[in-house]
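Letter by letter, the chains look like this.
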Amino acid sequence: MSIKITDNQKRAIYHTQGPLIISAGPGSGKTFVVVEKILYLINEKKTNPQKILATSFTNKSADEIRQRLNMKNMPLVSTFHSLAFNILKKEKINFKIANNKKIQAIFKNILKKFPEIKINQAKLIINNYKAGEKTLKNQEKRLYQLYQNALSENGLLDFDDLILNCLDLFQKNPEILEKWQNNFEYIICDEFQDANKTQANLINLLAKKHKNICVVGDVNQAIYSFRGTSPKNLLFFKEKYPQTEIVDLNENFRSTKNIVQTTNYLIGHNQEKLSKKISTNNPEGEKIEAIKTHTSWQEADFIAEKIEEIIGGTSSATIHTQDIGREKIKFNFDDIAIIFRTNSLGKFLETALLKKNIPCNLVGADNFFEKPEINQIIALLSTFDEEDNQEAWEIVLKNFVKNLDKKILLNIINSPLPLITLEKTAETEIKVAEFLKKYKKIDLNLNLREQIKNIYEIFNLKEKYLDGTEKNAKKYNNLRQLLNITISYENLEAKTARQELIKNAQISTKEDLYEIKEKSVTLLTAHSAKGLEFPIVFVVGAEEDLFPCLKNNENNLEEERRIFYVAISRAKEKLYITYTDKRQLFGKDFYPLTSRFLKELPAENIENKELIKKKRKHEDQASLFNF
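The rules we used
Residues numbered from 1 in each chain as written. Predicted model: local features only at pLDDT ≥ 70, side-chain atom pairs only at ≥ 80, totals over all residues. Heavy atoms only, no water. Helix = DSSP H or I, 4+ residues; strand = E, 2+ residues; numbered from the N terminus. Rg over C-alpha atoms; globule rule 2.2 N^0.38 Å. Buried < 20%, exposed > 50% of the residue type's maximum accessible area, 1.4 Å probe, protein only. Contact = heavy atoms within 4.5 Å. Areas by Shrake-Rupley, 256 points an atom, 1.4 Å probe, with all protein chains shown as cover. Lys, Arg positive; Asp, Glu negative; His and termini not counted. Charge placed at Lys NZ, Arg CZ, Asp CG, Glu CD. Phe/Tyr/Trp six-rings, centres within 6.5 Å; stacked < 30°, edge-to-face > 60°. Lys NZ or Arg CZ within 6 Å of the ring centre and 35° of its normal. pLDDT = per-residue confidence, 0-100. Pairing = 2+ DSSP bridges. Right-handed = clockwise from strand over helix to strand, strands pointing away.

**Description of the overall build of the protein**
Move 1: Per the secondary structure count, the protein includes 26 helices and 17 strands.
Move 2: The C-alpha radius of gyration of the protein comes to 26 Å, within 12% of the 25 Å expected for a compact globule of 627 residues.
Move 3: Counting only C-alpha atoms and orienting by the principal axes, one finds that the protein spans roughly 75 × 65 × 60 Å.
Move 4: Counting every position in the protein, which comprises 627 residues, the buried fraction comes to 56%.
Move 5: Contacts in the protein between residues far apart in sequence, at least 24 positions, make up 76% of those at least 6 positions apart.
Move 6: As displayed, the protein has an accessible area near 29,300 Å², and 48% of this comes from carbon and sulfur atoms.
Move 7: The centroid of the 96 positive side-chain charges in the protein is displaced by 2 Å from the centroid of its 83 negative side-chain charges.

So, in structure tokens, the structure goes:
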């Protein structure tokens with residue numbers, strides 16, 4: 001290998017036989033090790049790439065692995081849900097995925113019978129049951145049955161049903177299980193601390209024959225209990241496989257000593273631990289600044305003014321960082337992240353920064369593939385391989401044939417053969433004929449990226465969205481991001497790539513897609529920030545009821561500490577932690593206590609500051625960025 005790797009990284013890469021835990025702390029080169037391990041199996045051990053399965057928690061991380069591998073004969077790199085989806089489809093199981101809109105409608109209908117249960121409570125009950133983390137009580141059993149009946153009546157599965165149906169298929173058909181076990185001689189499971197019990201069961205079933213299973217994770221970064229996940233899966237792995245070898249990746253290549261020591265000290269308060277303390281050979285760096293403010297607006301103003309100071313006063317200006325042992329780096333907007341516990345803070349901070357003309361990108365507020373401008377492209381792509389997909393045709397016709405008569409629309413989409421009905425309708429309807437002419441121009445022999453560009457050109461989407469309005473400009477930027485996403489499919493044949501994109505769109509989550517927008521400050525929740533890093537990080541809202549967000553449940557304290565740990569460990573160079581004694585949320589004033597987590601940080605690494613109490617200047621006060 002051309003770059004220097006540590007002894008522990010080598011141990012992790014070269015271990016190929018039998019079970020292995022790679023306990024990988026923040027900034028320890030985890031993804032590098034996973035990629036190098038796959039390449040070692042293929043190039044040195046002469047393993048057929050098709051005999052390797054690599055799973056990860058999100059499409060975002062799976063895409064990163066695929067892009068780094070950059071191979072034509074690619075091993076299967078997949079999320080748990082995508083893996084189950086592929087298995088069910090290849091075994092000729094017919095189903096459709098229920099999207100969020102459909103699931104919301106189902107819950108809204110059945111919860112009329114349970115007025116005391118909120119929709120988020122209902123989702124949590126069902127998710128945790130399907131994740132294997134909960135036993136249902138009497139009323140919950142009825143709720144679950146009504147929900148499953150509603151899905152079944154529509155021929156639908158939700159995300160968790162993919163895993164459960166796959167397990168059911170294997171348990172009832174041992175010969176099918178053995179076939180899939182033979183398919184995968186080596187299994188590498190990334191982010192295993194985020195797997196729930198049913199997902200872990202699926203991976204363990206597939207690995208049962210060869211037992212060449214490597215799980216990668218960090219108990220200290222297990223932050224998805226609301227999805228039924230538990231750090232115990234990683235802790236119990238060694239009990240299931242007594243011969244397991246454990247390799248610690250505990251050298252942080254990302255952060256300064258001050259930041260690493262602070263994160264160590266914080267997470268040391270947790271009892272559920274597997275990995276050792278993280279160390280670093282990076283320089284000391286600046287102390288972490290803990291800033292007390294007196295209102296939400298003062299906090300937001302401080303962050304905006306600090307960003308102006310860091311950047312240097314104009315959108316193109318930069319300043320030099322301290323020398324940290326390599327060539328001095330210049331900061332730009334996209335080097336800065338603002339991390340918070342809940343999306344409600346994100347909207348507020350976005351408004352505050354935009355008022356000062358600081359460009360920013362709020363991540364994860366909604367599902368990328370459910371944005372209307374993206375959904376219509378995915379629907380259009382779906383019709384090429386599923387001509388009878390009535391739901392897709394409805395989306396396509398509503399978006400690409402404007403003001404189509406409702407009776408004509410219903411006649412087409414309710415037909416068992418929508419495309420044939422569409423062609424007949426085109427004989428008398430000019431709008432439909434014009435659409436169909438364009439539709440048939442789309443070249444399906446092009447690779448996926450070029451297919452989508454072809455759609456944009458044929459339907460003049462650039463002209464449609466670049467009409468001078470900010471709202472449509474954002475939509476056009478989303479269309480451009482869709483093109484960027486296709487990079488991870490470039491080694492696949494055109495039809496396969498199209499089907500993979502459609503599948504991933506169906507089973508994506510808010511955390512699956514993330515793009516650093518050039519010259520924009522990134523605003524995101526701690527959950528969305530997982531796996532990312534930034535030179536400068538502001539962690540906002542270090543207060544009781546935000547960090548930690550316990551909601552009267554002290555049992556979640558260790559997970560809340562892990563969430564705070566994830567947030568502060570994203571910082572490479574400089575970390576600011578802000579809190580206030582008066583927080584405006586949901587149109588109300590709150591007077592929070594300072595987070596207990598701040599008190600758990602080592603005093604020698606922290607510089608505490610308090611802003612002077614003062615009335616806030618007018619919201620549109622002059623900014624260095626007014627132009």
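Having seen it, we continue.
**Notes on the packing of aromatic side chains**
Move 1: In total, this model carries 20 aromatic pairs according to the counting rule given.
Move 2: With a centroid separation of 4.7 Å and 40° between ring planes, the pair formed by Phe237 and Tyr241 is classed as tilted.
Move 3: Summarising the aromatic geometry, the rings of Phe384 and Tyr439 are spaced 5.3 Å apart at their centres and angled 35° between planes, so their arrangement reads as tilted. Here Phe384 is found in helix α15 (residues 372-385), whereas its partner Tyr439 is found in helix α19 (residues 430-439), with 55 residues between them in sequence.
Move 4: Residue Phe384 is classed as buried on the basis of its relative accessible area, which comes to 13%.
Move 5: Through a chain of ring-to-ring contacts, the aromatic side chains of Phe384, Trp393, Phe400, Phe435, Tyr439 and Phe459 assemble into a single cluster.
Move 6: Taking the ring centre of Phe95 as reference, the NZ or CZ of Lys89 above it sits at 4.5 Å.
Move 7: Looking at Lys574, its charged tip hangs above the ring of Tyr576, at a distance of 5.2 Å from the centre.

**Thoughts on the confidence of the model for the protein**
Move 1: When pLDDT is averaged along the protein, the result is 88; 92% of the residues meet or exceed 70.
Move 2: Within the model, pLDDT remains below 50 along residues 314-329, and this stretch shows 30 contacts once partners closer than five positions in the same chain are excluded.
Move 3: Confidence over residues 618-627 falls short of pLDDT 50; this stretch has 21 contacts with residues more than four positions distant or in other chains.

**Considerations on the side chain of Gln181**
Move 1: Structurally, the position occupied by Gln181 is in helix α9 (residues 174-183).
Move 2: The residues contacting Gln181, other than those within four sequence positions of it, are Leu205, Leu206, Lys208, Lys209 and His210.

**Quick word on the pairing of strand β3 (residues 76-79)**
Move 1: Pairing geometry for strand β2 (residues 52-56) and β3, over 4 bridges, is parallel. Looking at the pairing, Ser56 lines up with Thr79 of β3.
Move 2: The parallel pair β2 and β3, bridged by helix α3 (residues 59-69), forms a crossover whose chirality is right-handed.

**Quick look at the environment of Asn357**
Move 1: By the element assignment, Asn357 lies in the loop between α14 (343-355) and β11 (360-362).
Move 2: For Asn357, a relative accessible area of 31% translates into the label partly exposed.
Move 3: The spacing of Asn357 and Ala304 is 53 residues in sequence and 9.5 Å in space, taken between C-alpha atoms.

**Points about unusual backbone geometry**
Move 1: The amide bond that connects Phe547 to the next residue, Pro548, takes the cis arrangement and shows omega of 10°.
Move 2: With respect to the helices and strands, Pro548 occurs in the loop between β13 (534-540) and α25 (557-568).
Move 3: Positioned with a positive phi, Glu191 is a non-glycine residue whose angle comes to about 55°.
Move 4: Note that Glu191 resides in the loop between β6 (186-189) and α10 (197-207).
Move 5: Backbone geometry places Asn460, a non-glycine residue, at a positive phi of 50°.

**Quick word on the side chain of Glu140**
Move 1: Relative to the assigned elements, Glu140 resides in helix α7 (residues 138-153).
Move 2: Setting aside residues no more than four positions away along its own chain, Glu140 makes contact with Ile125, Lys134 and Thr135.

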